[in-house]
Amino acid sequence: MDSTFDRTIALNLKRLRAEKGLTLDRLAEYSDVSRAMISRIERAEASPSALVLAKLCAALGTSLSAFFADADRPFDPLSRRADQPVWRDPETGYSRRSISPAGTGSSVDIVLIRFPAGGRIAYPPKHGAEGLNQHIWVLSGVLDVAFGEENCQLSKGDCLFMPVAEPHVFSNPGQVDVTYSVIIERAP
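Residues numbered from 1 in each chain as written. Predicted model: local features only at pLDDT ≥ 70, side-chain atom pairs only at ≥ 80, totals over all residues. Heavy atoms only, no water.

Turning our attention to the nonpolar core. Tyr94, Phe115, Ile136, Leu143, Phe170 and Tyr180 are the most contacted members of the largest nonpolar core, which has 45 residues in total. No other element matches helix H4 (residues 50-60), which puts eight residues into this core. Beyond its immediate chain neighbours, meaning those up to four positions away, Tyr94 contacts Ala50, Trp87, Arg88, Asp89, Ile113, Arg114, Phe115, Pro116, Ile121, Tyr123 and Tyr180. (Core = buried A, V, L, I, M, F, W, Y, C linked by side-chain atoms within 4.5 Å. Buried < 20%, exposed > 50% of the residue type's maximum accessible area, 1.4 Å probe, protein only. Helix = DSSP H or I, 4+ residues; strand = E, 2+ residues; numbered from the N terminus. Contact = heavy atoms within 4.5 Å.)

This is the structure:
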């Protein structure tokens, strides 16, 4: 467990919950994540899975990218690989690297994902994420994506445009990890 990153998650969760004026109980009710788990995450005693973070973000009306954005980092037009935060889902091994430079105020956010073979993550509807769209661009491997009535199998070089707010499922049916980029765009 990366204690530094767990502390960052804890601080961001506390900050967003306070900004929304939510108690632990209310956030638990809205997110369908137990009060005890939220409390452990806020104390950096638990590393949440991607599904738990997605539920919390949906309840807080934010995206995963916005959640991981470090509000205290000053503007820097350059994002060096060594400085890009990486988060790993303790349940699936999924890893998420924030690529975009910090503090730019850009309406575009770029994330690099490594998704293990056989992995599956179902994201709930994200209330408050209306107006956010994402481009899923597969760099290697095969990724299955289901959202709405759509079921798509993406291979290297394929790119899928879809809304962030809709519930969706990502799965890796292959025997090798999938690497893909998510480019998130906020509508003007």
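Now that the structure has been shown, we can carry on.
If you walk through the whole model with that rule in mind, you get four aromatic pairs. Aromatic side chains Trp87 and Tyr94 sit 6.0 Å apart centroid to centroid with 70° between the ring planes, which places their arrangement in the edge-to-face category. In this structure, Trp87 and Tyr94 share a single accessibility class: buried. Residues Tyr123 and Phe170 carry aromatic rings whose centres are separated by 5.9 Å and whose planes lie at 75° to one another, so their mutual orientation is edge-to-face. (Phe/Tyr/Trp six-rings, centres within 6.5 Å; stacked < 30°, edge-to-face > 60°.)

Before going further, it helps to examine the sheet that holds strand E6 (residues 142-147). In spatial order, the strands read E4-E9-E6-E7; together these four strands make up an open sheet with antiparallel pairing. Looking along the sheet, the strands with just one partner apiece sit at the ends: strand E4 (120-123) and strand E7 (150-155). Ignoring which end each strand starts from, the neighbouring axes of this sheet average 15° apart. As paired elements, E6 and strand E9 (residues 168-171) share four bridges and run antiparallel to each other. The residue of E9 that forms the bridge with Asp144 is Ser171. (Pairing = 2+ DSSP bridges. Axes fitted to C-alpha atoms, helices over the stretch in contact; angles between N-to-C directions.)

Our next topic: the sheet that holds strand E1 (residues 86-88). If you walk across this open sheet you meet the six strands as E1-E2-E3-E10-E5-E8, and the pairing is antiparallel. Looking at which strands have only one partner, the edges of the open sheet turn out to be E1 and strand E8 (159-163). Neighbour-to-neighbour, the strand axes of the sheet open up by a mean angle of 20°, direction not taken into account. Alignment of strand E5 (residues 132-140) against strand E10 (residues 178-186), held across eight bridges, turns out to be antiparallel. From the neighbouring strand, His135 faces E10, where its bridge partner is Ile183.

Here Glu29 is to be found in helix H2 (residues 24-31). In this structure Glu29 comes out as exposed when scored by relative accessible area, which is 54%. Put simply, Glu29 and Ala59 are 30 residues apart on the chain and 8.9 Å apart in space, counted from C-alpha to C-alpha. In terms of polar contacts, Glu29 uses its side chain to reach the side chain of Arg26, at 3.0 Å. (Polar contact = N/O pair within 3.5 Å; in protein donor to acceptor, adjacent residues only side chain to side chain.)

Glancing now at the packing of H2 against helix H3 (residues 35-42). Put simply, H2 and H3 touch, their axes get as near as 9 Å, and they point 115° apart. Note that H2 runs across H3; the crossing there is right-handed. Between H2, through Leu24, Asp25, Leu27, Ala28 and Ser31, and H3, the contact on the second element is made entirely by Arg35, Ile38, Ser39 and Glu42. Its residues assigned to classes, the contact of H2 with H3 shows four nonpolar, two polar and three charged. (Left-handed = near helix turned anticlockwise from the far one by under 90°. Nonpolar A, V, L, I, M, F, W, Y, C, P; charged D, E, K, R; others polar.)

Right, let's talk about the side chain of Asp89 for a bit. The topology assignment puts Asp89 in the loop between E1 and strand E2 (95-98). The buried charged residue Asp89 lacks any salt bridge, with Arg114 as its nearest oppositely charged partner at 10 Å. Among the polar contacts made by the side chain of Asp89, one reaches the side chain of Thr92 at a distance of 3.1 Å. Excluding residues within four positions of it along the chain, Asp89 makes contact with Ser49, Ala50, Tyr94 and Ile121. (Lys, Arg positive; Asp, Glu negative; His and termini not counted. Salt bridge = Lys/Arg side-chain N within 4 Å of Asp/Glu carboxyl O.)

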